[in-house]
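# Summary of the model geometry
Residues per chain are reported as follows:
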Amino acid sequence: MQLSLKKLAEYVGGYIIGDENCLIEHVATLKNASTGDISFLTNLKYKNELQATQASAVILSEKHASECLTNALVVANPHPAYAKIATLLYTEKTEKSGVHSMAVVDPTCQIDDSVWIGAHCVVEAGVVIQAGSVIGPGCYIGKDVFIGENCELTVNISLMHDCRLADRVLIHPGVVIGADGFGQAYDNDKWIKVPQVGAVQIGNDVEIGANTTVDRGTIEDTIIEDGVKLDNLIQIAHNVRIGKNTVMAASTAVAGSTTVGENCAIGGCVGIAGHLTIVDNVTITGRSTVLQSVKVPGVYSSSTPLEPNKFWHKNHIRFKQLDDMAKRIKALEKELEKSRG
Amino acid sequence: MQLSLKKLAEYVGGYIIGDENCLIEHVATLKNASTGDISFLTNLKYKNELQATQASAVILSEKHASECLTNALVVANPHPAYAKIATLLYTEKTEKSGVHSMAVVDPTCQIDDSVWIGAHCVVEAGVVIQAGSVIGPGCYIGKDVFIGENCELTVNISLMHDCRLADRVLIHPGVVIGADGFGQAYDNDKWIKVPQVGAVQIGNDVEIGANTTVDRGTIEDTIIEDGVKLDNLIQIAHNVRIGKNTVMAASTAVAGSTTVGENCAIGGCVGIAGHLTIVDNVTITGRSTVLQSVKVPGVYSSSTPLEPNKFWHKNHIRFKQLDDMAKRIKALEKELEKSRG
Amino acid sequence: MQLSLKKLAEYVGGYIIGDENCLIEHVATLKNASTGDISFLTNLKYKNELQATQASAVILSEKHASECLTNALVVANPHPAYAKIATLLYTEKTEKSGVHSMAVVDPTCQIDDSVWIGAHCVVEAGVVIQAGSVIGPGCYIGKDVFIGENCELTVNISLMHDCRLADRVLIHPGVVIGADGFGQAYDNDKWIKVPQVGAVQIGNDVEIGANTTVDRGTIEDTIIEDGVKLDNLIQIAHNVRIGKNTVMAASTAVAGSTTVGENCAIGGCVGIAGHLTIVDNVTITGRSTVLQSVKVPGVYSSSTPLEPNKFWHKNHIRFKQLDDMAKRIKALEKELEKSRG
């Protein structure tokens, strides 16, 4: 799609310095842009690239406008403005509706006429899918699942029985929602399965990344609240609740029955133990280990530094002496204090 | 299903304090239960909820029976008793048998008449599937795979050629069993593939969580023994052996040729290096790193604590000085000893 | 397939000590080999097994040849020689070509006649697949994807629109290539999606392990260069570049916009933060955390040691005092220096 810069400025609520009739078709980085491209500046590291860019226009904030040699689209907050413009330029809505001849849909389902169900899908009995939702190829939708309006299940997704998605939920390939939680009871020298009779509830505007798994609850439901964004290969265990607008980066795992608050930012490769509570507005940096509840908003970290292997070997082994070292420092301090008189 | 408390007590070998004719239909938490629900108490933290519960009955041990104001089902071990009762109340056996018209099954397969194979499955030549097993939609069963009795492959599972499942194996969506192990040989400045000619053997009563991967062996088989329970997103590399009744929580990885003993409990997000041996009856807590064999049963841990980011920064950087710090403490002790003497 | 040892020696460029007419059909470990098997020795740990082996032949280097009591195939580098021989003995090329009747292929695709597309695949408009490639059952190939010659997509793979694979790319089950990167912009108290308009480019001879995810770029492409080998359950985020011949073990994650150099070896369970550069020829051992760029080739590590839980508890808590401990050692040194002087 080709749109005038004027139209884009109106769309995001900004103003133009330069030619408002310039036509924009694509987005590009400052460095590799050419005519017809719009780019953006949020990171001062790229200021040199701003001056050299061949983009037809650049989205930026007022304080950088004077350094822009091409057309400037000035907004309060360039990143979301860029996101909206890119969405406008690139979104192709599926025009298709109906059910592919190689999909299997149970006759008891209530599927809105505007819904598209792709090839090789299976939709079990009692499923409801509301207007505008798209179920891509190879998806499995279990019994009595509810899918709200304008959801997009991309491809090869497993959405197990009784789970509920609200509106505008976007799910990437390979995601599994509502598999059994890991419930095992020890009974006479072996583990027996604890049935997982809860389901999963997913709020509005949730996005779930590729191959992420969200387990169904043991008795009550696992809950992902409105506006949560989960990256790839994340594990959300049974009975977890993730609060509104929380974002979580890839390869993180949240163990069973933990509650993560609203507006949290959890980095990648974080491990969060079970039965904890993390309050609202907590940031946990990548690779941290969380073994206790976090009761005060703020930024938290753990992890140890990368070192050349030969130094690491020496320091690593000393970790086992830490308590001893602390006691010896204390003893030295006492002895010196005594000798001081 | 609705059953009398008397029937449930007989089923799990317990006794009733209260009305043995009370009817039970569902399970619920102590807090949210209502008439017709059965709940359970294992964690004293919930004792207050026991007294307030609206459940028709509660499964508990003798020592808490006196605090139960509703009907009590008294057993030696409430958790497995609960598991058995929930299984009884909720299990719906698939009544279906046969092959869906949109599944592709090679004519050389030996499939028991009681087996169900769902839509969009592919079952390659030479596969054997024994009585009572269910293959859900979208599963791929490779050449010469053997599946024992009463197995359940839920949906979208990849089970590669020559792998063998014993009886009552339960596999959750997205699991991949028998993909090639990661075998690469360095040959004149590039890596060449080492064919993985072993397979995977999975014992009786094994459960495997969503999107977990179990690689086939390099020459001999990767082995998951009877009663092992694996959670989601676990990596089991080639030539690994996981001993009987060992449980492993989500997002853990076991590198190639490592043996984990029987009756071990491995927490989530644990990383276990290759070519190690972990003996029987070892517990490794969540997020631990295992770089050496564990030769003595017991509970083991590693990981560093979560801190506010500004404190972490200071401590984190000191990790690189640990060996130096240890040597300086030693030097101080020597100097003081000399000055004393 | 059965081949003479002479033929195998010619194939890998080695020489024989013993019977060149001996027939080889299978590979086996030294320990479990029997007549007709070929084995190999690379690790001196197995020297005893060499002397006891029942293998018909053993691949080894000159320096161990004298200890081999069976036929020896002597080569400069036994591991790649073994890999080549195993490949020769075990590779079965799919003889099939064409499109399975239960696959859905858009008429606009350009599919070479030699290509096989299995059951339950979907191949969208504009896809090109070149000679000798095999698309196994249940794969999804998005719009305008390009797949070069002799690629193998095993089963249940999601390869999203506009991604490009060069030649001889091998992809294991459950892999997702080209799902949206994790791009979110904060806009008035909620996160909005940043469209991911780049794709993924994958070079020649790349292998990608089961359930690994490689995200598409935000604006430009995510790039996996020639000869890269990725194990299972790896996350490669948007805009990452992985250099030529780099290998990466399972459950590792690379965050957005990071560049990993050529000929690197990244262990399993490693976490690499975003926007970093790792130069060529870097080895990072398993479970390391990488929060800063690595500018000098070499071997790097982080992580803390596994300990019995009760000792770990004491040392773990001291980590928070590390900076304080370092300062107290400094203070003690100063005081002693003063008292000396």
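Only a predicted model underlies this, so the values are computations on that prediction, with no experimental measurement involved.

Let us now look at the overall build of chain A. Helix and strand counts for chain A stand at 6 helices and 40 strands. Over its C-alpha trace chain A gives a radius of gyration of 26 Å, far above what one expects of a compact globule, namely 20 Å for 341 residues. Expressed as a percentage of its 341 residues, the buried residues of chain A come to 56%. Expressed as a percentage of contacts within chain A between residues at least 6 apart in sequence, the contacts between residues at least 24 apart total 19%.

With that settled, consider the sheet that holds strand S11 (residues 116–117) of chain C. Ordered by their spatial adjacency, 12 strands build an open sheet running S40(A)-S39(C)-S37(C)-S34(C)-S31(C)-S28(C)-S25(C)-S20(C)-S17(C)-S14(C)-S11(C)-S8(C), and the pairing between neighbours is mixed. Lying at the two open borders of the sheet, with one neighbouring strand each, are strand S40 (307–308) of chain A together with strand S8 (98–99) of chain C. Direction of pairing for S40 of chain A relative to strand S39 (residues 298–301) of chain C: antiparallel, over a ladder of 2 bridges. Bridge pairing links Glu307 of chain A to Ser301 of chain C in S39 of chain C.

A word on the pairing of strand S5 (residues 37–40) of chain C. Residue and element names in this part refer to chain C. Both faces of S5 are covered, namely the face carrying Asp37 and Ser39 and the face carrying Ile38 and Phe40. Where strand S4 (residues 26–27) lies against S5, 2 bridges are found, and the strand directions are parallel. Pairing of His26 across the sheet is with Asp37, part of S5. As judged from the 3 bridges shared by S5 and strand S6 (residues 57–60), these two strands associate in the parallel manner. Looking across to S6, one finds that Ile38 is bridged to Ala57. Chirality of the crossover, the property in question, places the unit of S5, helix H2 (residues 47–52) and S6 among those that are right-handed.

Moving on: the domain arrangement of chain A. When the domains of chain A are assigned, the result is domain 1 (3–90), domain 2 (98–300) and domain 3 (309–340). Between domain 2 of chain A and domain 3 of chain A, the C-alpha centre-to-centre distance is 47 Å.

Further remarks concern unusual backbone geometry. Positive phi values are uncommon outside glycine, yet Ser257 of chain A reaches one of about 70 degrees. By the element assignment, Ser257 of chain A lies in the loop between strand S32 (253–254) and strand S33 (259–260). With phi around 55 degrees, Arg168 of chain C is a residue other than glycine that occupies positive phi space. Tracing the backbone through its elements, the reader meets Arg168 of chain C in the loop between strand S19 (164–165) and strand S20 (170–171). The class for Arg168 of chain C is partly exposed, based on 19 C-beta atoms found within 10 Å.

In this section: the sheet that holds strand S2 (residues 15–17) of chain B. Through backbone hydrogen bonds, the strands of a sheet pair up, either in parallel or in antiparallel fashion. Read across the sheet, 5 strands follow the order S2-S7-S6-S5-S4 (chain B) without closing on themselves; strand pairing throughout is mixed. Two strands bound the open sheet, and with one partner strand each, they are S2 and strand S4 (26–27) of chain B.

Next up on the list: the relation of the copies chain B and chain C. Superposition record for chain B on chain C: RMSD 0.0 Å, screw rotation 120 degrees, translation along axis 0.0 Å. Classification of the inter-copy transformation places it as that of a three-fold axis. Considering only C-alpha atoms, the residue of chain B closest to the rotation axis is His120 of chain B, which sits at 3.6 Å.

Right, let's get into the interface of chain B and chain C. With 60 residues of chain B in contact, the opposing surface of chain C contributes 59 residues. Here the side of chain B that touches chain C is built from residues that sort into 29 nonpolar, 20 polar and 11 charged.

A few words on the packing of helix H6 (residues 322–340) of chain A against helix H5 (residues 309–318) of chain C. Between H6 of chain A and H5 of chain C, whose axes approach to 7 Å, the crossing angle comes to 60 degrees. By the angle class used here, H6 of chain A and H5 of chain C are oblique. Taken together, the residues of H5 of chain C that come into contact with H6 of chain A (itself represented by Leu322, Asp323 and Ala326 of chain A) are Lys314, Asn315 and Arg318 of chain C. Along the lines of polarity and charge, the residues of the contact of H6 of chain A with H5 of chain C split into 2 nonpolar, 1 polar and 3 charged.

Every contact between the two is made by 61 residues of chain A and, on the other side, 60 residues of chain C. Listing elements by their share of the side of chain A that touches chain C, those giving two or more residues are helix H4 (78–90), S40, helix H5 (309–318) and H6 of chain A. Among the elements that take part in the side of chain A that touches chain C, H6 of chain A stands out by supplying 8 residues, more than any other. Looking at side-chain class alone, the side of chain A that touches chain C contains 29 nonpolar, 23 polar and 9 charged residues.

About the criteria used
- Per chain, residues are indexed from 1 in the order of the written sequence.
- Chains carry letters from A onward and ligands carry numbers from 1 onward, assigned in written order.
- Only residues with pLDDT of at least 70 get local features here, since the model is predicted, and only at 80 or more are side-chain atom pairs given and counted; chain-wide, interface and lining totals rely on the full set of residues.
- Helix and strand definitions here come from DSSP, where helices need a minimum of 4 consecutive H or I residues and strands a minimum of 2 consecutive E residues; each element is numbered from the N-terminal end.
- Atoms considered for the radius of gyration are the C-alpha atoms alone. The globule rule reads 2.2 Å times the number of residues to the power 0.38.
- In this scheme every C-beta is placed from the backbone, and a residue whose C-beta has 20 or more other C-beta atoms within 10 Å is buried, one with 12 or fewer is exposed, and one in between is partly exposed.
- We call two residues in contact if the C-beta atoms placed from their backbones are at most 7 Å apart.
- At least two bridges found by DSSP between two strands is the condition for calling them paired.
- Looking down the strands as they point away from you, a crossover is right-handed if its path from the first strand over the helix to the second goes clockwise.
- Domain delimitation in this document rests on an assignment produced automatically or drawn from a domain database.
- Copy-to-copy alignment: least squares on C-alpha atoms, limited to residues at pLDDT 70 or above in both.
- Residues were grouped as follows: Ala, Val, Leu, Ile, Met, Phe, Trp, Tyr, Cys and Pro as nonpolar; Asp, Glu, Lys and Arg as charged; and all remaining residues, including Gly, as polar.
- Helix axes use the C-alpha atoms of the stretch in contact, all axes being lines fitted to C-alpha atoms, and the angles between their N-to-C directions lie in the range 0 to 180 degrees.
- Working rule for angles: under 35 degrees goes down as roughly parallel, over 145 as roughly antiparallel, 65 to 115 as roughly perpendicular, anything else as oblique.

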